[in-house]
Amino acid sequence: MDDKLYMIVDYILNQAEDRDVDVILKAIKKRYDDREGSGAMGLKPGQMARETASQISSQVGFSRDMVRDTVKNMARDIIIKNAPELSSDQVDELLDTWVPDPEQAAAAARNQALLPRDVLITMVDQFMRYSQDLMTATEIMELENQIPGWATKYWEKFPPELRQILALYLKGKMQEAEFQPALKTIMDGLPD
């Protein structure tokens, strides 16, 4: 799945409020209405706008890559001038750190090591009890002392599919009978 599409779907499923979803649905309806009808002289303004936006996007993407390559080449020249003792592999390693490739960074983030199953089970239990106001104040304080901002940090560590079902369940859009098997399936797919 395209990263942009994944981010949009993640937002809709996990973060959007009802009023946000209404706006999204209206935009989708408008898009389909634009496809159906044509404007004056048989022109389809929606289609023309999409094609123009696509062309601009590809040109901006191309320009961004050119700028990144220029910066990387300038940085390479500076490193070679100021540190001639470095091998080409060391220079490349520095460049990858200083001028990272956005696609490689996104892939690395997706491949981030998953937590062991037992740790994740404990985190889910604590997160669920906290989200449902079932956690004692003492336990909340202990967790906050051990891991400041723990609820947010837990959420960020959860795999995307786990975040999705947690959000649906906590918003009341998924029943317990659906949630538990989905949670079990996700947990069974994790390393021990």
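Residues numbered from 1 in each chain as written. Predicted model: local features only at pLDDT ≥ 70, side-chain atom pairs only at ≥ 80, totals over all residues. Heavy atoms only, no water.

## Some points on the overall build of the protein
For clarity, the cut-off: Helix and strand definitions follow DSSP, with helices as H or I runs of at least four residues and strands as E runs of at least two, each counted in order from the N terminus. Relative accessibility under 20% of the residue-type maximum defines a buried residue, over 50% an exposed one, and the middle range a partly exposed one, all with a 1.4 Å probe and only protein chains included.
The helix and strand inventory of the protein stands at 10 helices and 0 strands. Order of helices (α) and strands (β) in the protein, N terminus to C terminus: α-α-α-α-α-α-α-α-α-α. Counting across all 192 residues of the protein, residues that qualify as buried make up 21%.

## A short note on helix α9 (residues 160-170)
Residues spaced three or four apart along an α-helix point in a common direction, a consequence of the helix completing one turn every 3.6 residues. For α9, the full list of buried residues reads Leu162, Arg163, Ile165, Leu166, Ala167, Leu168 and Tyr169. Remark: Gly172 follows α9 within two positions and exhibits a positive phi of approximately 80 degrees.

## Side note on helix α6 (residues 117-131)
So the rule is basically this: One fewer than the residue count of a helix, multiplied by 1.5 Å, yields its expected span. What makes two residues a contact is simply this: any of their non-hydrogen atoms within 4.5 Å.
Helix length check: α6 (15 residues) gives 21 Å between terminal C-alpha atoms against 21 Å at 1.5 Å per residue, within 8%. If you check which residues of α6 are buried, you get Leu120, Met123, Val124, Gln126, Phe127 and Met128. Lining the buried residues of α6 we find α7 (137-146), α8 (150-157), α9 and α10 (176-188). Positive phi appears at Asp133, one or two residues downstream of α6, with a value of about 55 degrees.

## Some details on the pattern of salt bridges
A side chain with one charge can pair with a side chain of the opposite charge if their charged atoms come near. Convention followed: Salt bridges are defined by distance alone: a side-chain nitrogen of Lys or Arg within 4 Å of a carboxyl oxygen of Asp or Glu.
What the rule picks out here adds up to 4 salt bridges. A salt bridge links Asp92 to Arg76, with the shortest nitrogen-to-oxygen separation between them at 3.0 Å. Taken as a pair, Asp92 in helix α4 (residues 88-98) and Arg76 in helix α3 (residues 45-82) lie far apart in primary sequence, 16 residues in all. Relative accessible area serves as the criterion here: at 27%, Arg76 is assigned to the partly exposed category. When the shortest N-O distance is used, the salt bridge between Lys184 and Asp188 registers 2.8 Å. Of this pair, Lys184 and Asp188 both sit in helix α10, 4 residues apart, roughly one helical turn. Using a relative accessible area of 53% as the deciding quantity, one classes Lys184 as exposed. Bridged by salt links that share partners, the residues Asp125, Arg129 and Glu139 form one connected network.

## Digging into the nonpolar core
The test is simple: Only buried residues count toward a nonpolar core, which is a set of Ala, Val, Leu, Ile, Met, Phe, Trp, Tyr and Cys residues joined through side-chain atoms within 4.5 Å.
By size, the foremost hydrophobic cluster in this structure holds 22 residues, and its most contacted members are Val124, Phe158, Leu162, Leu166 and Phe179. Among the elements of the structure, α6, α8, α9 and α10 are those that each provide at least two residues to this core.

## So, unusual backbone geometry
Located in the positive-phi region is Asp133, a residue other than glycine, with phi close to 55 degrees. Within the element layout of this structure, Asp133 appears in the loop between α6 and α7.

## Things to note about the packing of α6 against α10
Just so we agree on the cut-off: All axes are obtained by fitting lines to C-alpha atoms, using only the stretch in contact for helices, and the reported angles, taken between N-to-C directions, cover 0 to 180 degrees. Relative orientations are named as follows: roughly parallel for angles under 35 degrees, roughly antiparallel for angles over 145 degrees, roughly perpendicular for angles from 65 to 115 degrees, and oblique for any other angle. The crossing is said to be left-handed when, going from far helix to near helix, the turn is anticlockwise and less than a right angle, and right-handed when the turn is clockwise. Note on residue classes: Ala, Val, Leu, Ile, Met, Phe, Trp, Tyr, Cys and Pro are nonpolar, Asp, Glu, Lys and Arg are charged, and everything else, Gly too, is polar.
One way to put it is that α6 packs onto α10 with a least axis distance of 10 Å and a crossing angle of 150 degrees. With respect to α10, the axis of α6 lies roughly antiparallel. The two elements α6 and α10 cross, and the hand of that crossing is right-handed. Along the contact surface, α6 presents Arg117, Leu120, Ile121, Val124 and Met128, while α10 presents Phe179, Leu183, Met187 and Asp188. For the contact of α6 with α10, the per-class residue count stands at 7 nonpolar, no polar and 2 charged.

## Focus on the side chain of Gln126
Summarising the element assignment, Gln126 is placed in helix α6. Other than its neighbours up to four places away in sequence, Gln126 contacts Met135, Glu139, Leu143, Trp150 and Tyr154.

As far as function goes, none of this settles anything; it's purely spatial.
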